[in-house]
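# Descriptive analysis of the structure
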Amino acid sequence: MGGGAVVMGGGLAGTLAVAALLGHVDTVTVVERDRYPERPVFRKGVPQGRHLHVFLSGGQRALERLFPGIVAELEAAGAHRMEAPRDVLTRSPNGWHRRLHEGRHAVISCTRPLLDATVRARVLAQAAGSGTRVEVLQACEAVGLLGDAERVTGVRTRSRDAGRAERDLPADLVVDASGRGSRAPRWLADLGRPAPREEVIDAGIGYTTQMFRPAEPLPMAVVLELRPALPRGAAWSPVEDGNWLLTLAGVRGHHPPTDGSAVPDFVASLGEPYLRDHLRTCEAVSPPYAYRDTANRRRAYHTAGGVPEGFVAVSDAACTFNPVYGQGMSVAALSGLALRECLADGGPHRPGFAARAQRAVARASETAWLTAVGADRPYAAGAPATPPGAAERLQAWYFGRLADRATHDPVVGAAFRDVTHLAAPPTRLLSPAVALRTVLLPRRPGPAGIPLRVEGAAG
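Right, let's walk through the structure included here. In this text, all values refer to a predicted model and were calculated from it rather than measured experimentally. (Residues numbered from 1 in each chain as written. Predicted model: local features only at pLDDT ≥ 70, side-chain atom pairs only at ≥ 80, totals over all residues. Heavy atoms only, no water.)

### Brief notes about unusual backbone geometry
- For the peptide bond that leads from Ala84 to Pro85, omega is 5 degrees, which places it in the cis range.
- One non-glycine residue with positive phi stands out, namely Ala139, at about 50 degrees.
- Note on placement: Ala139 falls in the loop between strand 8 (133-137) and strand 9 (140-147).
- Even without a glycine there, the phi angle at Ser315 is positive, about 50 degrees.
- A relative accessible area of 7% means that Ser315 is categorised as buried. (Helix = DSSP H or I, 4+ residues; strand = E, 2+ residues; numbered from the N terminus. Buried < 20%, exposed > 50% of the residue type's maximum accessible area, 1.4 Å probe, protein only.)

Here it is, written out as structure tokens:
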């Protein structure tokens, strides 16, 4: 161990970065714009805090490696564990997925305050025995980077309290975990380094979330994906304290309402009577909260020469996805684990560490990026007018057939869920068993009606 690190951002991604750094540096200083609440409550500094948050199985595995036993701890605190597809009924554009008992994947659903408080407490507890001293500067913001074009050597900060005092924090490693609004590209340009190239896919999706308390809770969550014919969707999922969250989504021209009285009509327009009728028995315990910043954005820090020594961007600061797909927290955990493994292979003083760590972080987000962009691209404005080439047409044909078969074929469906739960790379969808069933067996959509009966184990 040796030296110190500064983490810009004390949200979930920043907290997981701290966990990765424990035992590998002498000190970690967290720069957090907000003030942490004394108990788990929604706070202004987490813009998506009131919306539905889930941990996919790939993210859970990464979280468990960072904090052994934490999934059980979340469940004990009120989070819900739901096996997919048994307990999460999904209507895709190709029909409903069969309600199978696979035993392969599960989703953890809870409120963001519960998750943040649980992870933060575990990090602070682990820090006590790690040999790393952790300091959190609350109500403090990063306003620039120190160093030059070749190496970042620290962070310039400014207090958000009276006086607005500035302070320079020297560091051997700066981790940018400041999220979608990261200003690091501009600060790197100020040091004489070109800002990273950005790739943006924006479907113009907006969503709202409202909390309800059901008179009689359903035994499963319900997901209605957007469809080309009607680009609207919904998710209905349990959280702690007997409450459920309803998230409604739609592309440009179909954004869901922010007036609670209009929510029932939007749900009715989705064409699923089971969810519509159930919501009539539920009591609203919050107004709808809207969110519109849903573009997929990837900054090319991971390419050759993308970052100077002493600087690594993680999670949303490097690659952010449309939040409606529920991948962000899982990618944050996968990124934290990737950073820890790089540190174990050689600390921040080792030449080339920043580039290696940035590539590892990019690999941790690659599957989520490909799946989110693939889902959003058909709705994105400014799509190229040139006709698709032969390779693109073949790819569309193959994955169209695969999406149809995934709804009802146990083998193809299992592979599809391995990828969408971030537990396997997209190449899993090209394995011989999956490809042969996709290409040779008849193409047909999934069930038209909601599958309320649980089927036996998939073979």
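### What to know about the pattern of salt bridges
- Enumeration according to the criterion identifies 26 salt bridges in this entry.
- For Asp168, the salt bridge is made with Arg156, and the minimal N-O distance between the two is 2.9 Å. Of this pair, Asp168 sits in strand 11 (residues 166-170) while Arg156 sits in strand 10 (residues 152-159); the two residues are twelve residues apart in sequence, bridging distant segments of the chain.
- In the salt-bridge network here, residues are joined through shared partners; they are Arg33, Glu141, Arg158, Arg164 and Glu166. (Salt bridge = Lys/Arg side-chain N within 4 Å of Asp/Glu carboxyl O.)

### Side note on the sheet that holds strand 11
- Strand order in this open sheet of three strands is 9-10-11, and the pairing throughout is antiparallel. Unpaired on one side and paired on the other, strand 9 and strand 11 mark the two borders of the sheet. Looking at each pair of strands side by side, their axes are set apart by 25 degrees on average, direction ignored. (Pairing = 2+ DSSP bridges. Axes fitted to C-alpha atoms, helices over the stretch in contact; angles between N-to-C directions.)

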